[in-house]
Amino acid sequence: MKNKQYFNASKNVVTEVVPEKTEKLQKVLARSGLGSRREMETVIDAGLVTINGRTAVLGDRIGEQDQVTVKGRPVQLKAESDLPRRVIMYNKPEGELVTRKDPEGRRTVFDHLPKLRGERWIAIGRLDINTAGLLLFTNDGELANRLMHPSHQVEREYAVRVMGEVTDEMLQAMRDGVMLEDGLASFSAIQLVGGEGINVWYHVVINEGRNREVRRLWESQGVTVSRLKRVRYGNISLDKRTKMGEWIELTQTEVDDLSGLGGLAKKAVEAIPTGRPGQKNRGHSRKPVHAIGRRTK
């Protein structure tokens, strides 16, 4: 957008007016800790957001002076420079849902996370109720959106125990690609890890997060997945000393690496207050699980 110029006749000078910097509404709401950018787009589309008293629509942009409400409540908008970027790693047990509230009263991953003042945790990707392992959470909706978006091709690695005979032809078919009901899917890497007979463990890597994609790929070959655990997301591997249901904070270096994967600039990390179980930051002494792709430094 070009700056506008006005002629001031009394002073015989040309004054340049710099327009206020604006950003997409959903991006600012996500950064302010209200959810992922995709979630904010849904809220806007439902007519639940106002800007200066009028109902917002997708495509609206806002500046620092605009007044915004979500579901009738005023929102304290945060500039990018105001928001420290936090990321925690959670070791999800089987049987927990990746949702904030469950109508049936079942356990959710959010039951175990540390509290944030004026913000909330946003899950970077999802795991179904029967899948365990690495789940990342951040307070930065833009970071979550970038790391989940298929265009960034962020790797997800899983440990898989399968029941049934697996042949080289089946493994090659899953590398080459299998047409599922929602399109072509494939593993970018497959490695036999251990086991014998009809129960063997493999590690596999995918580059997107479609619903039950790992299970459906194996099922397409006539074998059943009996255990599934995510062990890596991007360049962050699960710390094998982190017990099920525990979380730990990522280091500055790890958060910077994740930001780079999403094409975002580095930003300072604000430490999570101590005194809560599971918050210990193990830093560079992490012991990641076996991984066949990129690893934590």
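Here, the structure is the one placed above.
Residues numbered from 1 in each chain as written. Predicted model: local features only at pLDDT ≥ 70, side-chain atom pairs only at ≥ 80, totals over all residues. Heavy atoms only, no water.

1. Description of the nonpolar core
F137, V160, F187, V214 and W218 are the most contacted members of the largest nonpolar core, which has 35 residues in total. Sorting the residues of this core by element identifies strand 9 (87-92), strand 11 (132-138), strand 12 (156-163), helix 4 (168-176), strand 13 (178-180), strand 16 (199-206), helix 5 (213-219) and strand 17 (224-233) as the ones contributing at least two each. Of the residues forming this core, the biggest block, four residues, is contributed by strand 16. Aside from chain neighbours lying at most four places away, what touches W218 is V160, V162, V166, L171, M174, F187, Y202, V204, V223 and V225. In this structure, I122, I124, A144 and I248 belong to the second largest nonpolar core, which totals 18 residues. (Core = buried A, V, L, I, M, F, W, Y, C linked by side-chain atoms within 4.5 Å. Buried < 20%, exposed > 50% of the residue type's maximum accessible area, 1.4 Å probe, protein only. Helix = DSSP H or I, 4+ residues; strand = E, 2+ residues; numbered from the N terminus. Contact = heavy atoms within 4.5 Å.)

2. Topic: the sheet that holds strand 4 (residues 49-51)
Taken in spatial order, the four strands make up an open sheet running 5-4-7-8, and their pairing is antiparallel. The sheet terminates laterally at strand 5 (54-55) and strand 8 (73-74), the two strands that pair on one side only. Pairing between strand 7 (residues 68-70) and strand 8: two bridges, direction antiparallel. Looking at the pairing, T69 lines up with P74 of strand 8. (Pairing = 2+ DSSP bridges.)

3. So, the pattern of salt bridges
Taken as a whole and judged by the stated rule, the model has 19 salt bridges. Between E157 and R232 there is a salt bridge; the shortest N-O distance is 2.8 Å. Taken together, the positions of E157 in strand 12 and R232 in strand 17 put the pair 75 residues apart, joining distant regions of the chain. Since its relative accessible area comes to 0%, E157 is described here as buried. Given a relative accessible area of 0%, R232 falls into the buried group. Note that R241 is salt-bridged to D239, the shortest N-O span being 3.5 Å. Because the salt bridges share partners, they merge into one network encompassing E181, D182, E208, R210, E213 and R216. (Salt bridge = Lys/Arg side-chain N within 4 Å of Asp/Glu carboxyl O.)

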